[in-house]
Amino acid sequence: RSRLTSACLSLLSQGIHSSFFKQELERWTELDVSTPFAAVFDEVWPLVQSMAQLLHHKDEVVGALLRALVEKNDVAFKPLLALLAVLGRDLRGELFPHFRRILDHLVGLIDPLKPARTGEVFRTLSHLFKYLAPQLLANLDVVRGYYGPLLGHERGYVREFAAQSFSFLLRK
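Here goes a summary of the coordinates provided. Note that this is a predicted model, so its numbers are computed, not measured.

### Some details on the packing of helix α10 (residues 140-151) against helix α11 (residues 156-171)
Then, number 1: Running from N to C, α10 and α11 point in directions that differ by 160 degrees, and their axes come no closer than 9 Å. In terms of axis orientation, α10 runs roughly antiparallel to α11. Relative to α11, α10 is oriented so that their crossing is left-handed. For the pair α10 and α11, the contacting residues are Leu-140, Val-143, Arg-144, Tyr-147, Leu-150 and Leu-151 in the first and Val-158, Arg-159, Ala-162, Ala-163, Ser-165, Phe-166, Leu-169 and Leu-170 in the second.
Then, number 2: Across the contact of α10 with α11, the residue classes break down as eleven nonpolar, one polar and two charged.

Structure, rendered in structure tokens:
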């Protein structure tokens, strides 16, 4: 049984049963009617009706998002990244056991020939760094191993995005 972070327990004890993830999922449902997004929605919607459900089904939710992102689906790319970022906001430290897998997937999505797409990936990483900062600072080698090649990338904008997102952790 996993231990709930104090932030999650605090939200639950205050009677806050909804999640930012559920709100973001509802918002994107109105904005993105694509088939790939609808498939993710159908898979995760029953699992995220409350914060308690989201915590209980976090493994399935992370898996569904990462599977959909691996398909390199341009249509649903931005909503899927947004959902991953708000998942970090809701779960914070509870998401850390999945972080290495998430980081591996996100770094794999960086496409030097698509600057906008690459920018979205780094924006998501920045959000995750913000919400997982305490755990990441204690395990900085996890991030450093991935960021070394990105900081030395041949494309200047990839180096800049990497430096901007990684600098948040270094300043802490």
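Don't stop here, the text continues.
### Examining the pattern of salt bridges
Then, number 1: With the rule as written, the count across this model stands at five salt bridges.
Then, number 2: Glu-43 serves as the salt-bridge partner of Arg-67, at 2.4 Å between the closest nitrogen and oxygen. With a gap of 24 residues between them, Arg-67 in helix α5 (residues 58-70) and Glu-43 in helix α3 (residues 35-44) connect regions that are remote in the sequence.
Then, number 3: Between Glu-120 and Arg-123 there is a salt bridge, with the nearest N and O atoms lying 2.7 Å from each other. Of the two residues, Glu-120 and Arg-123 are both situated in helix α8 (residues 115-131); the distance of three residues between them amounts to about one turn of the helix.
Then, number 4: Judged by its relative accessible area of 19%, Glu-120 falls in the buried class.
Then, number 5: Arg-123 gets classed as partly exposed once you look at its relative accessible area, which sits at 45%.

### Side note on the side chain of Ser-165
Then, number 1: For Ser-165, the location among the structural elements is in helix α11.
Then, number 2: Classification of Ser-165 as buried rests on a relative accessible area of 2%.
Then, number 3: Within polar-contact distance, the side chain of Ser-165 engages the side chain of Tyr-147 at 2.7 Å.
Then, number 4: Those residues within four positions of Ser-165 in sequence are excluded, and the remaining contacts are Phe-122, Ser-126, Phe-129 and Tyr-147.

### Section: helix α2 (residues 20-31)
Then, number 1: Here α2 is twelve residues long and its end C-alpha atoms lie 16 Å apart, about the 16 Å a rise of 1.5 Å per residue gives.
Then, number 2: Those residues of α2 that fall on the buried side of the exposure criterion are Phe-21, Lys-22, Glu-24, Leu-25 and Trp-28. In a view along the axis of α2, the buried residues occupy a sector of 160 degrees, so they form one face of it.
Then, number 3: Here the buried face of α2 lies against α3, α4 (51-56), α5 and α6 (77-91).

### Thoughts on unusual backbone geometry
Then, number 1: With a phi angle near 45 degrees, Arg-92 is a residue other than glycine that sits in the positive phi range.
Then, number 2: Counting through the fold element by element, Arg-92 comes out in the loop between α6 and α7 (99-108).

### Some remarks on the packing of aromatic side chains
To describe a pair of aromatic rings, one takes the distance between the centres and the angle between the planes.
Then, number 1: Counted according to the given criterion, the structure contains eight aromatic pairs.
Then, number 2: Where Phe-122 meets Phe-161, the ring centres are 5.8 Å apart and the plane angle is 35 degrees; that geometry is what we call tilted. Taken together, the positions of Phe-122 in helix α8 and Phe-161 in helix α11 put the pair 39 residues apart, joining distant regions of the chain.
Then, number 3: The class for Phe-122 is buried, based on a relative accessible area of 2%.
Then, number 4: Look at Tyr-147 and Phe-166: their rings are 5.1 Å apart centre to centre, the planes differ by 25 degrees, and that puts the pair in the stacked class. Here Tyr-147 is found in helix α10, whereas its partner Phe-166 is found in helix α11, with 19 residues between them in sequence. We note that Tyr-147, like Phe-166, is buried.
Then, number 5: Of the aromatic side chains, those joined through ring pairs into one cluster are Phe-96, Phe-99, Phe-122, Phe-129, Tyr-147, Tyr-157, Phe-161 and Phe-166.
Then, number 6: Taking NZ or CZ as reference, Arg-89 lies 3.5 Å from the ring centre of Phe-20, over its face.
Then, number 7: A cation over a ring is seen here: Arg-117 above Phe-77, with NZ or CZ 3.9 Å from the ring centre.

Quick notes on the rules
- Residues numbered from 1 in each chain as written.
- Predicted model: local features only at pLDDT ≥ 70, side-chain atom pairs only at ≥ 80, totals over all residues.
- Heavy atoms only, no water.
- Axes fitted to C-alpha atoms, helices over the stretch in contact; angles between N-to-C directions.
- Helix = DSSP H or I, 4+ residues; strand = E, 2+ residues; numbered from the N terminus.
- Parallel < 35°, antiparallel > 145°, perpendicular 65-115°, else oblique.
- Left-handed = near helix turned anticlockwise from the far one by under 90°.
- Contact = heavy atoms within 4.5 Å.
- Nonpolar A, V, L, I, M, F, W, Y, C, P; charged D, E, K, R; others polar.
- Salt bridge = Lys/Arg side-chain N within 4 Å of Asp/Glu carboxyl O.
- Buried < 20%, exposed > 50% of the residue type's maximum accessible area, 1.4 Å probe, protein only.
- Polar contact = N/O pair within 3.5 Å; in protein donor to acceptor, adjacent residues only side chain to side chain.
- Expected span 1.5 Å × (residues − 1).
- Arc of directions from axis to C-beta.
- Phe/Tyr/Trp six-rings, centres within 6.5 Å; stacked < 30°, edge-to-face > 60°.
- Lys NZ or Arg CZ within 6 Å of the ring centre and 35° of its normal.

Note that every value here comes from positions in space, so none of it alone points to a role or purpose.
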